[in-house]
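Letter by letter, the chains look like this.
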2 protein chains.
Amino acid sequence: MWSHPHRKTDDPQGLLMGTPRILEPTQESHHDPWPLQRAAIQDALSRLGRDPAHRERFAPWMNLALHTPADLAQLPFTTRAHLQVDPPLSDHGVPKSDIVRVHASSGTTGNRTISGYTAADLNLWTRMVARGLAALGVDRESVVYSTLAHGLFTGGFGFHQAATMLGATVIPGGQARSATHVDLIRRLQPTVLFSTPSYALHLADRFSPLPPVTLGVFGAEPWSEADRKRLEALWGMRAHDTYGLSEVIGPGVAFECPYGQGMHINSDHFIPEIIDESGTPLPAGTWGELVLTAPTRHARPLIRYRTGDRTRLDFSPCPCGRTLPRMARIRDRVDNMKVVRGVNVRPTDVAEALAAHPAEFGSWLLEVTRPGALDVLTLVAECEESGRPELARDLQKAVRAALGLTVQVRLETLGTLPHTGGKTHRWKDLRLTKPHRT
Amino acid sequence: MWSHPHRKTDDPQGLLMGTPRILEPTQESHHDPWPLQRAAIQDALSRLGRDPAHRERFAPWMNLALHTPADLAQLPFTTRAHLQVDPPLSDHGVPKSDIVRVHASSGTTGNRTISGYTAADLNLWTRMVARGLAALGVDRESVVYSTLAHGLFTGGFGFHQAATMLGATVIPGGQARSATHVDLIRRLQPTVLFSTPSYALHLADRFSPLPPVTLGVFGAEPWSEADRKRLEALWGMRAHDTYGLSEVIGPGVAFECPYGQGMHINSDHFIPEIIDESGTPLPAGTWGELVLTAPTRHARPLIRYRTGDRTRLDFSPCPCGRTLPRMARIRDRVDNMKVVRGVNVRPTDVAEALAAHPAEFGSWLLEVTRPGALDVLTLVAECEESGRPELARDLQKAVRAALGLTVQVRLETLGTLPHTGGKTHRWKDLRLTKPHRT
């Protein structure tokens, strides 16, 4: 080993370059978070109330006296529709040149949300993901392999930046072919894997044996305790869940600690509530829709954003000693949205495409299978003209345009599908129940 | 617009976060570079000579007295084979935990090169790309859209990091679908595009009209002056070339200035020579193989690396005032390598696969076309059993494994292909000559 004549860099904090001089991710306050949360919310309300894009909704709340966390419930909700502004970023309340990064959710023009980050927002995001990774043991000795996509999706860059901040050796596998991932995993023997649970299962199923990996950090799609057991058995790893969403910041909202009993919410920056369908706050421990307030973002702070994700909160002490509250693994979506091949699919989007189509359709459902590495989405729809292959092709095109995702179409004669009447679930998800080769 | 109570970040250099406090990229020395180059080379030789992985080759040169740049020619060459060590990174001469990033070239297990970066190497890389981007006008007012892949390939991250360092608004489109890129380009109206020339042409051909983009920065594949004219006409942009290779550092080795008359080599860190087939140095202005010495890398400094790229050097003053020497656009490869769908394809790899196959083949060639967005590679091979479709399928599998790239196989009867005898060119590249819709 030789000396390092050039070690002194002009990056004293090591933020870009990975020098592990990061104190904050492993430090957490044991004080009551409310005074800081309150100050941040009041600051956000004051900024929103003066911003032309938000004044109408928030000016009335600029001087709201927040006494207890329950007072949050007086404020209006923010929904996904509020974030779909045109031109994009015009609601961000900062000079455009202060935005240094843009990410976007999956979807098509109409339902894609586009989020900008100032330098401080990027820093916040990176520190929040790093806090979770540090809790799970990622440090400068770690060798991290990521199969996440680094692009508009926040998952890849979010984890990449945080692992870099912690000084780990980061191998951004990205969207390489599976054989390439496997070759590099075999030769570089990473200690940490960033992936989606389904892709990590696919790699282990298809390319066994792989060298053991100490830690797997997963996110971006729902998975079960059974998946965790399989991942831990196949990879010889501890498998942990994380939570985040691009509308709020990306990954970094919540992370499991090594005890794996719920995900700690970084509630100094992402303040959680649980509500019922009518929007009424529910007590801790009750299942309902997660609402997040992100008041410390510079660009577009969020007040009471309805995530659509169903979970419950736990404010009891965690055996790890962290005082951050915990949220349960996401059970499902209040809007029936599912993630298929990384794309958010909502039955309402399909319903609109069917309604806009000249042909008449009866009952319908969305079937998802995972025959290999990738999910296959099939729209099964009843139709009087079910024998016309060109109709299936035409519908396929329309639904593909609506979802931004390739879809198979199977037309059935009327009366074939079960009619449940009224609001049906629309989903037949065969991904998680398929028999596995174990 | 509101105030920024949180603007003060713990990133005073703005390296991660894009605060535009970057002095170096726009500053270049007008002094003779040799004293600094010499000191860096002597430092690299001293490190290599003491490193167990390199001692055998470099210990004899540790105390070489370098008087003039011509003395470089006394040192041994480094070839791609020298970089393919097992285990990977074992030749990097730094503690493994000092490596914060790993990238890899395309290819398969046997011919992939894997490169590690220390924090200082990442910093060097980012500054060198930023120097080129700054020369072309990228700054904190720029809105940059990138269609490059952010993964093992150095192109995506190299440009991303540098644009972030310069404080631009960076939109990492990455490997999204073309329709997604186009939607975001239309709505976010970037001023700068990072792409491969072929993909930018594809987008413009397929999705016209697109909003004009001021500047296009291209790399990663060969392109022509005709391509430049088409890109400039279709996108309303200035289109500029850059040069780099993952074995040396990635993009950032050389970049065009706004005059576009050759690419300025960052010769304070990447010292160029041109050699003939026998390895003899050639005078400035002569076409030959580019050799690069990268002595300031911490991890695996490179002495006289044979790039395989054919170009020529120009040390005359540039109208822009920069004193960095210039290299001509890459004409071709000395090893006949071509880049197909981002993968390096060498006829020698195909020859080996054919030789290892039980069937007997006659003459053969590689045909590349670009019917749509993507290149199609076809192996045309003479064979006595040319009528057997299962032979074509079997050969397809073998060549795919050798190249890491899907390939079409067309078997012809013996005597169909032109026999040129001896060393044939093997390539029929129809990508750049196809009639374009203009």
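Cut-offs applied
Within any chain, residue numbers begin from 1 and follow the written order of that chain's sequence. Chain letters start at A and ligand numbers start at 1, both assigned in the order the entries are written. Note on the predicted model: pLDDT of at least 70 is required for a residue's local features to be given, and 80 or more for side-chain atom pairs to be given and counted; whole-chain, interface and lining totals, by contrast, use all residues. Based on all heavy atoms of the structure, the side-chain values leave hydrogens and waters out of the count. Secondary structure is summarised from DSSP: a helix means a run of H or I of at least four residues, a strand means a run of E of at least two, and numbering begins at the N terminus for each. Throughout, a contact is declared for two residues whenever any of their heavy atoms are within 4.5 Å. Accessible surface is estimated by sampling points in the Shrake-Rupley manner with a 1.4 Å probe; for residues, cover comes only from the protein chains shown. Our working definition of a disulfide is a cysteine sulfur pair at a distance within 2.5 Å. Classification of residues uses two cut-offs on accessible area relative to the type maximum, computed with a 1.4 Å probe and protein chains only: under 20% is buried, over 50% is exposed, and between them is partly exposed. Being paired, for any two strands, means DSSP has found at least two bridges between them. The convention used is that axes are lines fitted to C-alpha atoms, helices contributing only their stretch in contact, and that angles between N-to-C directions extend from 0 to 180 degrees. Polar contact criterion, stated in full: a pair of N or O atoms within 3.5 Å, where within protein one must be able to donate a hydrogen and the other to accept it, and residues adjacent in sequence count only if both atoms are side-chain atoms. We call a set of buried Ala, Val, Leu, Ile, Met, Phe, Trp, Tyr and Cys residues a nonpolar core when their side-chain atoms join them within 4.5 Å. The handedness rule is simple: strands pointing away from the viewer, and a clockwise path from the first strand over the helix to the second, make the crossover right-handed. Whether two aromatic rings pair depends on their centres lying within 6.5 Å, for rings of Phe, Tyr and Trp, where Trp uses its six-membered ring; planes under 30 degrees apart make the pair stacked, over 60 edge-to-face, and the rest tilted. Distance and angle both matter: a charge sits over a ring if NZ of Lys or CZ of Arg is within 6 Å of the ring centre and within 35 degrees of the ring normal. Arc, as used here, means the arc of the directions from the helix axis to the C-beta atoms. By salt bridge we mean one thing: a side-chain nitrogen of Lys or Arg within 4 Å of a carboxyl oxygen of Asp or Glu.

### As for the overall build of chain A
Moving on, step 1. Broken down by element type, chain A carries 10 helices and 21 strands.
Moving on, step 2. Expressed as a percentage of contacts within chain A between residues at least 6 apart in sequence, the contacts between residues at least 24 apart total 61%.
Moving on, step 3. Counting only carbon and sulfur atoms, one obtains 54% of the accessible surface of chain A, whose full area is about 17400 Å².

### Section: the state of the cysteines
Residues and elements named next belong to chain B.
Moving on, step 1. Enumeration according to the criterion identifies zero disulfides over all chains in this entry.
Moving on, step 2. No disulfide involves Cys320; its nearest neighbouring cysteine sulfur is the one of Cys318, lying 3.5 Å away.
Moving on, step 3. Residue Cys320 is classed as partly exposed on the basis of its relative accessible area, which comes to 23%.

### Structural notes on the sheet that holds strand 21 (residues 427-429) of chain A
Residue and element names in this part refer to chain A.
Moving on, step 1. Sheet architecture is open: four strands sit in the order 20-19-18-21, paired in mixed fashion. The open sheet has two edge strands, strand 20 (408-412) and strand 21, and neither has a second partner. Averaged over all adjacent pairs, the angle separating strand axes in this sheet is 20°, with direction ignored.
Moving on, step 2. Against the sheet, helix 9 (residues 347-356) makes contact with strand 18 (361-369), strand 19 (376-383) and strand 21, and its axis sits at roughly 140° relative to strand 18, the strand it touches most.
Moving on, step 3. Here helix 10 (residues 389-403) sits on the sheet and contacts strand 18, strand 19 and strand 20; the angle it forms with strand 20, its principal contact strand, is near 135°.

### Thoughts on the sheet that holds strand 15 (residues 332-333) of chain B
Residues and elements named next belong to chain B.
Moving on, step 1. Reading across the sheet, the four strands line up as 10-11-12-15 and stay open at both edges, with antiparallel pairing between neighbours. Each edge of the sheet is formed by a strand with only one pairing partner; in this case those strands are strand 10 (271-275) and strand 15.
Moving on, step 2. Pairing between strand 11 (residues 288-294) and strand 12 (residues 302-311): five bridges, direction antiparallel. From the neighbouring strand, Glu289 faces strand 12, where its bridge partner is Arg310.

### Some details on the side chain of A:Arg47
Moving on, step 1. Take A:Arg47: it is sitting in helix 1 (residues 34-50).
Moving on, step 2. Within polar-contact distance, the side chain of A:Arg47 engages the backbone oxygen of A:Arg297 at 3.0 Å.

### Regarding the nonpolar core
Within soluble globular proteins, side chains that are nonpolar generally end up buried alongside one another.
Moving on, step 1. If you look at the biggest cluster of nonpolar residues, it comprises 90 residues, and the most contacted ones within it are A:Leu133, A:Tyr243, B:Leu133 and B:Tyr243.
Moving on, step 2. When residues no more than four places from it in sequence are discounted, the contact partners of B:Tyr243 are B:Pro251, B:Gly252, B:Val253, B:Ala254, B:Met263, B:Leu290, B:Leu292, B:Thr307, B:Asp309, B:Met327 and B:Ile330.

### Digging into the environment of A:Arg38
All names here are of chain A.
Moving on, step 1. If you trace the backbone, Arg38 turns up in helix 1.
Moving on, step 2. The spacing of Arg38 and His67 is 29 residues in sequence and 8.3 Å in space, taken between C-alpha atoms.
Moving on, step 3. Each residue touching Arg38, except ones within four places of it in the same chain, is listed here: Leu66 and His67.

### Some words on the pairing of strand 7 (residues 238-245) of chain A
Taken residue by residue, a regular strand's side chains alternate between the two faces of the sheet.
All names here are of chain A.
Moving on, step 1. Among the eight residues in strand 7, six count as buried, and that is most of the element.
Moving on, step 2. Sheet analysis places strand 6 (residues 215-218) next to strand 7, joined by four bridges and oriented parallel. In the sheet register, Gly216 faces strand 7, and the bridge partner there is Ala239.
Moving on, step 3. Tracing the backbone out of strand 6, into helix 8 (residues 225-235) and back to the parallel element strand 7 gives a crossover that is right-handed.
Moving on, step 4. As paired strands, strand 7 and strand 8 (residues 250-256) are joined by four bridges and run antiparallel to one another. By the bridge assignment for strand 8, Tyr243 is matched with Ala254.
Moving on, step 5. Two successive antiparallel strands, strand 7 and strand 8, enclose a turn made up of four residues.

### Section: the packing of aromatic side chains
Moving on, step 1. For the structure on display, the rule yields seven aromatic pairs over all chains.
Moving on, step 2. For the ring pair A:Phe159 and A:Phe194, a centre distance of 5.0 Å and an interplane angle of 40° mean the geometry is tilted. Separated by 35 residues along the polypeptide, A:Phe159 in helix 5 (residues 154-165) and A:Phe194 in strand 5 (residues 192-195) bring together distant segments of the chain. Grouping residues by exposure puts A:Phe159 and A:Phe194 together as buried.
Moving on, step 3. Ring geometry for B:Phe218 versus B:Trp223: centroids 5.4 Å apart, planes at 65°, classification edge-to-face. Of the two residues examined, B:Phe218 and B:Trp223, each falls in the buried class.
Moving on, step 4. Over the ring of B:Trp223 we find B:Arg329; its NZ or CZ atom is 4.6 Å from the centre of that ring.

### Section: helix 8 (residues 225-235) of chain B
Residues and elements named next belong to chain B.
Moving on, step 1. Among all positions of helix 8, only Asp227, Arg228, Arg230, Leu231 and Trp235 are buried. Burial along helix 8 is one-sided: seen end-on, the buried residues are contained in an arc of 165°. In helix 8, the exposed positions angled more than 90 degrees off the buried face are occupied by Ala226, Lys229 and Ala233.
Moving on, step 2. Buried residues belonging to helix 8 abut helix 6 (178-188), strand 5 (192-195), helix 7 (197-207), strand 6 (215-218), strand 7 (238-245) and strand 8 (250-256).
Moving on, step 3. At the exit of helix 8 stands Gly236, carrying a positive phi of roughly 65°.

### Here's the deal with the pattern of salt bridges
Moving on, step 1. Inspection of the entire model under this criterion finds 54 salt bridges over all chains.
Moving on, step 2. With its nearest N and O atoms 2.9 Å apart, the salt bridge here joins B:Asp98 to A:Arg140. In this pair, B:Asp98 is assigned in the loop between helix 3 (80-83) and strand 1 (99-104) and A:Arg140 in the loop between helix 4 (119-135) and strand 3 (143-146), connecting two distinct chains.
Moving on, step 3. Note that A:Asp332 is salt-bridged to A:Arg310, the shortest N-O span being 2.7 Å. Taken as a pair, A:Asp332 in strand 15 (residues 332-333) and A:Arg310 in strand 12 (residues 302-311) lie far apart in primary sequence, 22 residues in all.
Moving on, step 4. Taken together, the shared-partner salt bridges in this structure form one network comprising A:Glu225, A:Arg228, A:Asp241, A:Glu256 and A:Arg329.

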